[in-house]
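# Examination of the molecular architecture
Given next are the chains, with one letter for each unit.
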Amino acid sequence: MINTIIFDVGNVLIDFDWDGFMNSMFNGNKDLILELEKAFWTDDGWDRLDAGDEPEDVFSRIISNAPHREKELRMIFENIGDTLIKREATPLWIKDLRSRGYNRLLYLSNYSHYVMEKNPDVLDFLPLLDGGVFSCDVKLIKPDRRIYEAIAEKYNLVPSECVFIDDLERNVKAGIDFGFHGIQFKTLEQAQNDLNKLLREE
């Protein structure tokens, strides 16, 4: 029987609006945006930030991909918190689940201390949850099996009694492989319906 619901954060409990951020920052200049995006996402620099590496080390790696665009890349890096937007539905969803008797609601998210500091208000729903694991705190990132082991060990979870909700298929698959039930978040309505169906079947 499912007694624990584990949420990803970005694109599940909050919005990550990269496209809107970049268009606003660079006035919709498509060629420039494509060049900057290629530099920003070429390697695993961002993953290393989520895994707890020092921000300046990560930024140096990103800059090395396009040294002539250091000014613009620094603008992105300094303002990255603006990519994150609250979802008004999030606290309502959490409170609804709790009112139905689900009293172990957790998060499992690839997230960095740097981004937290850039926009702390977007995480104001965290006190409504019962804890969780951020990748930067355990220096592991999804879909590494060890991060699923970390949250299971921290909260003494029985995987078959948990459902994990994430927007990325590879992360959901890794959770299922670990033993969780899994739901890929595509829209809020779809995720809520899939979760309700799963909970009714248990």
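Let me sum up the structure you'll find in this document. (Residues numbered from 1 in each chain as written. Predicted model: local features only at pLDDT ≥ 70, side-chain atom pairs only at ≥ 80, totals over all residues. Heavy atoms only, no water.)

### Some details on helix α10 (residues 169-178)
- Here α10 has its buried residues at N171, V172, A174, G175 and F178. Buried residues of α10, viewed axially, fall in a sector of 160°; they line one side. Away from its buried face, by an angle of more than 90 degrees, α10 presents the exposed residues E169, R170 and K173.
- Those residues of α10 that are buried are in contact with α9 (145-155), β6 (162-166) and β7 (181-184). (Buried < 20%, exposed > 50% of the residue type's maximum accessible area, 1.4 Å probe, protein only. Helix = DSSP H or I, 4+ residues; strand = E, 2+ residues; numbered from the N terminus. Arc of directions from axis to C-beta. Contact = heavy atoms within 4.5 Å.)

### Points about the packing of aromatic side chains
- Here the structure, examined in full by the defined rule, presents 18 aromatic pairs.
- Ring geometry for Y111 versus F134: centroids 5.3 Å apart, planes at 50°, classification tilted. Pair noted here: Y111 is in the loop between β4 (105-109) and α7 (113-118) and F134 is in strand β5 (residues 132-134), with a separation of 23 residues, a long-range link.
- Summarising the aromatic geometry, the rings of F164 and F180 are spaced 6.4 Å apart at their centres and angled 45° between planes, so their arrangement reads as tilted. With F164 in strand β6 and F180 in the loop between α10 and β7, the pair connects residues that are 16 residues apart, well separated along the chain. Neither F164 nor F180 differs from the other in exposure class; each is buried.
- Aromatic ring contacts, followed pair by pair, group F16, W18, F21, F40, W41, W46, F59, F77 and Y114 into a single cluster. (Phe/Tyr/Trp six-rings, centres within 6.5 Å; stacked < 30°, edge-to-face > 60°.)

### Regarding the pairing of β7
- Taken together, the 4 bridges between β6 and β7 define a ladder with parallel strand orientation. When the sheet's bridge partners are listed, F164 is paired in β7 with G182.
- Tracing the backbone out of β6, into α10 and back to the parallel element β7 gives a crossover that is right-handed. (Pairing = 2+ DSSP bridges. Right-handed = clockwise from strand over helix to strand, strands pointing away.)

### Concerning the layout of surface pockets
- Counted as a void, the largest pocket has a volume near 590 Å³.
- Lining the largest pocket are 26 residues, with F16, W46, D50, N110 and L168 sitting closest to its centre.
- Looking at the lining of the largest pocket, the elements with two or more residues in it are β2 (14-16), α3 (45-50) and α10.
- With 3 residues, α3 is the single largest residue contributor to the lining of the largest pocket.
- Its residues placed into classes, the lining of the largest pocket shows 11 nonpolar, 7 polar and 8 charged. (1 Å grid on protein atoms, 1.4 Å probe; cavity = no way out; pocket = protein on both sides within 12 Å on 5 of 7 lines; lining within 4 Å. Points joined across faces, edges and corners; volume = space filled by probe spheres on them. Nonpolar A, V, L, I, M, F, W, Y, C, P; charged D, E, K, R; others polar.)

### Here's the deal with the environment of E201
- By the element assignment, E201 lies in helix α11 (residues 188-201).
- Separated by 200 residues in the primary sequence, E201 and M1 have C-alpha atoms spaced 9.2 Å apart.

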